[in-house]
Amino acid sequence: LCDEYGISGISTDLFTQVFSVADPSFGLSFESSWEVSYNKMQDLLRAVATYYPDTHDFVVEGWQVTPLNIAEYQQWSSNNMKMIVLGYASATAAEKIKHIKLNPSYYEYTKEFSEQELLEYVTNLIETSKRHRDECLRMGVEYIDTIVDINSKLKEAMKYLMQDS
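A brief report on the enclosed structure follows.

Secondary structure summary: the protein chain contains seven helices and four strands in total. The order of helices and strands in the protein chain, counted from the N terminus, is α-β-α-α-β-α-β-α-α-β-α. Going through the 165 residues of the protein chain one by one, you find that 33% of them count as buried. In the protein chain, once contacts between residues fewer than 6 apart in sequence are set aside, the share between residues at least 24 apart is 68%. Carbon and sulfur atoms make up 53% of the accessible area of the protein chain, which amounts to about 10,200 Å² in all.

All right, on to helix α6 (residues 115-139) then. Relative to the 36 Å expected for 25 residues at 1.5 Å per residue, α6 spans 36 Å between its end C-alpha atoms, a close match to the ideal helical length. Every buried residue of α6 is listed here: Leu118, Val122, Ile126, Thr128, Ser129, His132, Glu135 and Cys136. Against β3 (84-87), α5 (93-102) and β4 (142-145) lie the buried residues of α6.

Attention now moves to the nonpolar core. Phe15, Leu28, Met41, Leu44, Leu45, Val65, Met83, Val85, Ala89, Cys136, Val141 and Tyr143 together form the largest nonpolar core, which totals twelve residues. Considering each element in turn, this core owes the most residues, three residues, to helix α3 (residues 34-51). In this view, leucine 28 contacts Phe15, Thr16, Phe19, Ser20, Ser37, Lys40, Met41 and Leu44; residues no more than four positions away in its chain are not counted. With nine residues, the next largest nonpolar core counts Ile97, Leu118, Val122 and Ile126 among its residues.

Take the environment of isoleucine 126 next. Topologically, isoleucine 126 is positioned in helix α6. Separated by 37 residues in sequence, isoleucine 126 and alanine 89 place their C-alpha atoms 5.5 Å apart. Excluding its chain neighbours within four sequence positions, the residues that come into contact with isoleucine 126 are Tyr88, Ala89, Ala91, Thr92, Ala93 and Lys96.

Its 18 residues place the ends of α3 26 Å apart at the C-alpha level, agreeing with the 26 Å of an ideal helix rising 1.5 Å per residue. Buried within α3 we find Ser37, Tyr38, Met41, Gln42, Leu44, Leu45 and Ala49.

This paragraph deals with the packing of α5 against α6. Relative orientation and spacing of two packed helices are given, respectively, by the angle between their axes and the distance between those axes. Running from amino to carboxyl end, α5 crosses α6 at an angle of 115°, the nearest separation of the two axes being 9 Å. Our classification of the angle between α5 and α6 gives roughly perpendicular. Two packed elements cross with a definite hand, and for α5 against α6 that hand is right-handed. Packed against α5, whose contacting residues are Ala93, Lys96, Ile97, Ile100 and Lys101, the element α6 presents Glu115, Leu118, Leu119, Val122, Thr123 and Ile126 at the interface. When its residues are assigned to classes, the contact of α5 with α6 shows seven nonpolar, one polar and three charged.

Before going further, it helps to examine the pattern of salt bridges. Pairing is possible between side chains that carry opposite charge, provided their charged atoms lie close to one another. On inspection of all chains with the given rule, the structure shows four salt bridges. Among the salt bridges present, the one from lysine 101 reaches glutamate 115, with a minimum N-O distance of 3.1 Å. Within this pair, whereas lysine 101 is found in helix α5, its partner glutamate 115 is found in helix α6, the two being separated by 14 residues in sequence. Residue classification places glutamate 115 among the exposed residues on the basis of a relative accessible area of 52%. We note a salt bridge from lysine 111 to glutamate 108, for which the minimum N-O separation is 3.8 Å.

About the thresholds
Residues numbered from 1 in each chain as written. Predicted model: local features only at pLDDT ≥ 70, side-chain atom pairs only at ≥ 80, totals over all residues. Heavy atoms only, no water. Helix = DSSP H or I, 4+ residues; strand = E, 2+ residues; numbered from the N terminus. Buried < 20%, exposed > 50% of the residue type's maximum accessible area, 1.4 Å probe, protein only. Contact = heavy atoms within 4.5 Å. Areas by Shrake-Rupley, 256 points an atom, 1.4 Å probe, with all protein chains shown as cover. Expected span 1.5 Å × (residues − 1). Core = buried A, V, L, I, M, F, W, Y, C linked by side-chain atoms within 4.5 Å. Axes fitted to C-alpha atoms, helices over the stretch in contact; angles between N-to-C directions. Parallel < 35°, antiparallel > 145°, perpendicular 65-115°, else oblique. Left-handed = near helix turned anticlockwise from the far one by under 90°. Nonpolar A, V, L, I, M, F, W, Y, C, P; charged D, E, K, R; others polar. Salt bridge = Lys/Arg side-chain N within 4 Å of Asp/Glu carboxyl O.

Written out as structure tokens, the structure is:
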């Protein structure tokens, strides 16, 4: 969608992949704990927000970007920063597992999970989505639930982000 709207973007998964291969001593990998990954990613996101030109729209996407940090992110940058959180707080574990199985190429990393591991993984993601949704409500950050018709929800998200651009 970034290409469709003509804006640059990067995923935190890319940072994770690059550092896990290029500099394992940095400590950022897909096997890192949530706290370690989150803290390492904040240094990288601070650099992006600080040095990216104010004249360009830019999207950073990934699970390490949370609603609790929006005030801090805005301090790092003179940009008119917008934040949107996507999740599936309204999903049941069965719905999300069905979605994963219907879209195996997108969720390739789950193919080695046992049924129990997949259930635990999905349950954790849903709980995280609920926490993020509640944080968004408290902080006035846009939250979009993507469990139904994800493609139209992603377009809705991009339209929101592109307002006043």
